[in-house]
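Summary of the model geometry
Chain residues, written in single-letter form:
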Amino acid sequence: MPKQKTKRSAAKRFKKTSSGKLKRNKAYKSHILTKKSPKRKRNLRKSTITDSTNEKNMKKILPYL
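Residues numbered from 1 in each chain as written. Predicted model: local features only at pLDDT ≥ 70, side-chain atom pairs only at ≥ 80, totals over all residues. Heavy atoms only, no water.

Considerations on the environment of Lys5
Mapping Lys5 onto the fold places it in the segment before helix H1 (8-13). For Lys5, a relative accessible area of 73% gives the class exposed. Sequence separation between Lys5 and Tyr64 is 59 residues; the distance between their C-alpha atoms is 8.9 Å. Sequence-distant contacts of Lys5, that is, excluding residues within four places in its chain, are made with Ile61 and Pro63. (Helix = DSSP H or I, 4+ residues; strand = E, 2+ residues; numbered from the N terminus. Buried < 20%, exposed > 50% of the residue type's maximum accessible area, 1.4 Å probe, protein only. Contact = heavy atoms within 4.5 Å.)

Details of the pattern of salt bridges
Per the counting criterion, the structure on display carries one salt bridge. Between Lys59 and Glu55 there is a salt bridge whose closest N-O contact spans 3.7 Å. Taken together, the residues span about one helical turn, with Lys59 and Glu55 both in helix H3 (residues 55-61) at a distance of four residues. Looking at Lys59, the relative accessible area reads 43%, which means it is partly exposed. (Salt bridge = Lys/Arg side-chain N within 4 Å of Asp/Glu carboxyl O.)

Here it is in structure tokens:
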């Protein structure tokens, strides 16, 4: 059986926490920032945990993470 390949685009976007969950950065922070409030932009800077509904798919995409 050949080894599984990691999806490199996903590997660059996600990090594993010590408890085994996946950490990600929030979207919508790259452009069209003038209409977004300072509070909203500040909250977009923070990272968050990947939703549990996506956990199964993420394990397939990132087998060795």
